[in-house]
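# Coordinates in review
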Amino acid sequence: MFNLSIFPASESTKEMKKRRGHNSYLKLNSNIPFDTWKAQLLVKINEKMKPDRISYEDYEVSFMIPCVSPQPLSIVNEDDYNLLCERTQKAKDQQATVYVQELKVRLAKVCTILHIWDFLMTIDSANYIQRKKRTAVSRLSIQARRVMELGLR
């Protein structure tokens, strides 16, 4: 069994104990595949946060087991998940706390801005379109810089 603590991006700058999020639990066997576990975790995230788009890559996932793994350890791949299962079985009550932190900047936003920018740069038409293109590119450039700055923090 996994106790879940799901935090929105706005809580990421706060200390872990002061974060406000959504709490839930996930009751699954420890012998299920990593992909199934990820899918079930995404279902819980969707239930609690109702994001527009959901992907495992949009979240930082870690786990902690009192007395076994007191510091949160990341769950990025199947090896990390296997470590979680192995350590959970060693715990007295066979429970782990899984922390899910929504990431601030989603790569999709940056990609979308860059695709629009690229499209605008390929437009070749009359002066009117050229003036509009320069204005739009200037606005997109400012937005792209802001998004990239947020992502680098």
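Further up the page is the structure itself.
Just so we're clear, the structure is a prediction, and the values are computed from it rather than from any experiment. (Residues numbered from 1 in each chain as written. Predicted model: local features only at pLDDT ≥ 70, side-chain atom pairs only at ≥ 80, totals over all residues. Heavy atoms only, no water.)

### Comments concerning helix 1 (residues 34-49)
End to end, helix 1 covers 22 Å across 16 residues, agreeing with the expected 22 Å (1.5 Å per residue, within 8%). Among the residues of helix 1, Phe34, Trp37, Lys38, Leu41, Leu42, Lys44, Ile45 and Met49 are the ones counted as buried. Down the axis, helix 1 shows its buried residues gathered within 160° of arc, on one side only. Elements in contact with the buried residues of helix 1: strand 1 (2-7), strand 2 (22-26), strand 3 (59-65), helix 2 (78-90) and strand 5 (96-102). Backbone geometry just downstream of helix 1 places Lys50 in the positive-phi region, at approximately 50°. (Helix = DSSP H or I, 4+ residues; strand = E, 2+ residues; numbered from the N terminus. Expected span 1.5 Å × (residues − 1). Buried < 20%, exposed > 50% of the residue type's maximum accessible area, 1.4 Å probe, protein only. Arc of directions from axis to C-beta. Contact = heavy atoms within 4.5 Å.)

### Considerations on helix 2
Between its terminal C-alpha atoms helix 2 stretches 19 Å, which fits the 18 Å expected from 13 residues at 1.5 Å a residue. Turning to helix 2, its buried residues are Tyr81, Leu84, Cys85 and Thr88. One face of helix 2 carries all of its buried residues, which in axial projection span an arc of 95°. Facing away from the buried surface of helix 2 by more than 90 degrees, the exposed residues are Asp79 and Lys90. The secondary structure elements touched by the buried residues of helix 2 are strand 1, helix 1, strand 3 and strand 5.

### Topic: unusual backbone geometry
Here Lys50, not a glycine, exhibits a phi torsion of approximately 50°, which is positive. Structurally, Lys50 can be placed in the loop between helix 1 and strand 3. Lys50 gets classed as exposed once you look at its relative accessible area, which sits at 61%. Of note in the backbone geometry, Cys67 takes a positive phi value of approximately 70° without being a glycine. Assignment of secondary structure puts Cys67 in the loop between strand 3 and strand 4 (69-74). Residue classification places Cys67 among the exposed residues on the basis of a relative accessible area of 83%.

### Considering the nonpolar core
Grouped together as the largest cluster of nonpolar side chains are 24 residues, with contacts concentrated most on Trp37, Val61 and Ile75. Sorting the residues of this core by element identifies strand 1, helix 1, strand 3, helix 2 and strand 5 as the ones contributing at least two each. Per element, the largest residue contribution to this core is six residues, and it comes from helix 1. Sequence-distant contacts of Trp37, defined by excluding residues within four places in its chain, comprise Phe2, Leu26, Leu28, Ile32, Tyr56, Val61, Ile75, Tyr81, Leu84 and Val98. (Core = buried A, V, L, I, M, F, W, Y, C linked by side-chain atoms within 4.5 Å.)

Keep in mind that these numbers describe shape and distance, not what the molecule does.
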